[in-house]
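# Descriptive structure summary
The lines below spell out each chain.
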Amino acid sequence: MDALDNLKETQHEGMQDHANQADSVSCEGNDNDAKAMNEGSKGDDSAKAGQAANKGDDSAKAGQAANKGDDSAKTGQSANKKGDKIELPADGEGFSYRRLLFTTLVISGCSMVYELLISSVSTYLIGDGIEQFSITIGLYMCAMGVGSYLTRKIKNRLFNWLVAVEILIGVIGGTCALVLFLSNIYLPSYKLVMFSEIIAIGLLAGLEIPLLLRIIEKYDSNLRLTLSSVFTFDYVGGLIGSIAFPLLLLPHIGYFATAFLAGTLNLMMALFIIFSYKKYIRFPRVSFLVALICCALMFWGMLFSERVARQVEQGLYRDRIVYMEQSPYQKIVLTKHRYDLRMFINGNIQFSSRDEYRYHEALVHVAGAAANSHENVLILGGGDGLALREVLKYEDVRHVDLVDLDKAVVELSRTHHEIRELNAGALSSDKLTVHNTDAFRFLEERVEKFKAGDTSVRPYDMMIVDLPDPNNADLNKLYMDLFYRLCSNNLSAHGVLVIQSTSPYYAPDAFWCIHKTVGAEFAHVYPFHVQVPTFGDWGFQMATRDPVDIANLQLKVTGRYLTQENLPALFKFAGDERSQDVDGLVVNSLTRPRLLEYYVKAERVWN
């Protein structure tokens, strides 16, 4: 019995030493192992305890493993030393993925807005909308793919990475419009900055969804539910952003406020994530403070966006900006220097008060001389009322239809005292009916009424097409053969059509392409041009069904510039005002919209 008691006492002492060793390990960070050892010391039989003491108990091994590299032990040590927040265990106690789905919706919408914003700003600043949107979409998608690939390098602290991504994309996206405008003014390479913006936002956007998927899968493991939910909210958010941008944001608050608003929303989502999941985030207070400061700056930019826009855009114009408005369709700017008032639409000059009469006299009175009657006149475009001013000089005018898509241009020209003085109050004439609709649709509807036998619809004696240059796909359709066919169907038997046709000197291929396209629908087309100091050499096309004796054409109304003496010179072109490949030019049609290519090519040469 004494020997047995001694053996038990020896074993008890060995077990006690082993328990003390396990307690020491638990003090370093592994509470679970210590508990297991204590239970083993209380409940295990003597023989097993002895063997464990001699060979090395599993708990001791676990303690050693904890000392060597267990993540939980390291995390515990770090927490004890630094006192910072740590991620919850993998079971995700208290975790809810629904709030993350809401952030996915908002984040996706903001990313879509950034993409559309960069494309639109680039089109506004350097033109060629097709190229800008194509490059932006392609480069953005590629950068997103690279960003998704890079997430494989991120192995822990997923919430911290997600918050960092949201803060960065909010700041970069929120300031993208400002950065692009400033780079266009002050830097030699705008496209380098544009590409950098697209790539940066694309990379960050590519990181977002994989991080969200991994976070939700880690704490609420259900792959089927995770994939379907995240991608559903992502696509719906993209749809909301793509609809809101053209219909609500850009028309009503402009480029700068739209960018700042999207940045503010992104940063608010970062704050929401930090607040909702602060137990999962290391240094949550620091992250919250950084996101809050950035959000406040974006919000400040949104509140003062008009002032910021005016200061920045002033660098795009030589003269002082006296009026600026973003309509649902375009950016309208008035500048003034002494007695020179100028109107710009989307950065392109529409008129200068110093020499606009040269352009409008040629546009209206050459056709007016060829027309037998001026009773019923149509003006497509010309919302500034300057062409209308010249039309109303004909005493036989009874009615004028003016079709301009943008009501804002017409209202500005009707109410602004200097423009009203310039157009002699023509937009208030009782002979005028204004139609704020698309020119193509307006002509189509009239043709349908003709076919239906509506006798109230009369053909026009003179049609004046005073539309902007074909520098994008929307305008290009108003220079196609189908459009001129609609014009022909709305013209009286002896009526005259005149079309502004860009510059034969700066864009000869585009000018003569328009000439060839009009000729596909009219028997007789007469090109002419005039020197306008603000524009340079500017051209027009006059089309009729009956031949016109240009050599003996008699003006019915003369102006400050256009007289009977200089009229013949308008129909003469120098060698450098003709296309070098007239025979190779093709008719601009729906299936072959080549005019836009010719025009953009000329823009690149001169820019």
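Shown above is the structure to which this text applies.
Here goes a summary of the coordinates provided. (Residues numbered from 1 in each chain as written. Predicted model: local features only at pLDDT ≥ 70, side-chain atom pairs only at ≥ 80, totals over all residues. Heavy atoms only, no water.)

### Brief notes about the environment of Gln-531
Threshold: Numbering of helices and strands runs from the N terminus, with a helix taken as a DSSP run of H or I at least four residues long and a strand as a DSSP run of E at least two residues long. Think of it in three bands: residues with accessible area under 20% of the maximum for their type are buried, residues over 50% are exposed, and the middle band is partly exposed, with areas taken using a 1.4 Å probe on protein chains only. We call two residues in contact whenever any of their non-hydrogen atoms come within 4.5 Å of each other.
Its place among the elements puts Gln-531 in strand S10 (residues 524-532). Judged by relative accessible area, which is 44%, Gln-531 ranks as partly exposed. Along the primary structure Gln-531 and Arg-358 are separated by 173 residues, whereas in three dimensions their C-alpha atoms are 7.6 Å apart. The residues touching Gln-531, leaving out its near neighbours within four places in the chain, are Arg-358, Gly-536 and Asp-537.

### Digging into the pairing of strand S6 (residues 399-403)
Selection criterion: A pair of strands is considered paired only if DSSP assigns at least 2 bridges between the two.
Taken across its five residues, S6 has four buried, putting it largely inside the fold. The sheet contact formed by strand S5 (residues 376-381) and S6 spans five bridges and is parallel. Residue Ile-379 lies in a different strand from S6, and its bridge partner there is Leu-402. Sheet topology note: the S6/strand S7 (residues 432-435) ladder contains four bridges and is parallel. Paired with Leu-402 across the strands is Val-434, a residue of S7.

### Examining a nonpolar patch on the surface
Stated precisely, the cut-off is as follows: Patch construction takes residues with relative accessible area above 30% that form no salt bridge. Like charges are linked within 9 Å, and nonpolar side chains (Val, Leu, Ile, Met, Phe, Trp, Tyr) are linked within 5 Å. We get accessible surface area from the Shrake-Rupley algorithm with a probe of 1.4 Å; when it comes to residues, only the shown protein chains can shield them. We count a salt bridge whenever a side-chain nitrogen from Lys or Arg sits within 4 Å of a carboxyl oxygen from Asp or Glu.
Where nonpolar side chains cluster on the molecular surface, the patch consists of Leu-239, Ile-243, Leu-247 and Leu-248 and spans about 400 Å² of accessible area. With respect to the secondary-structure elements, Leu-248 resides in helix H11 (residues 223-276). Taking the relative accessible area as the measure of exposure, Leu-248 reaches 54% and is therefore exposed.

### As for unusual backbone geometry
Backbone geometry places Arg-338, a non-glycine residue, at a positive phi of 55°. Relative to the elements of secondary structure, Arg-338 occurs in the loop between strand S2 (331-337) and strand S3 (340-345). A positive phi is found at Thr-502, a non-glycine position, where the angle reads about 60°. Topologically, Thr-502 is positioned in the loop between strand S9 (491-500) and helix H21 (508-519).

### Some thoughts on the sheet that holds S9
Where we set the bar: Here an angle of 0 to 180 degrees is reported between the N-to-C directions of two axes, which are lines fitted to C-alpha atoms, with helices fitted over the stretch in contact.
Read from one edge to the other, the open sheet built from seven strands follows the order S7-S6-S5-S8-S9-S11-S10, with strand pairing classed as mixed. Looking along the sheet, the strands with just one partner apiece sit at the ends: S7 and S10. When the angles between neighbouring strand axes are averaged without regard to direction, this sheet yields 15°. Bridge count between S9 and strand S11 (residues 536-544): five bridges; the pairing is antiparallel. Bridging from a neighbouring strand, Val-496 pairs with Thr-544 of S11.

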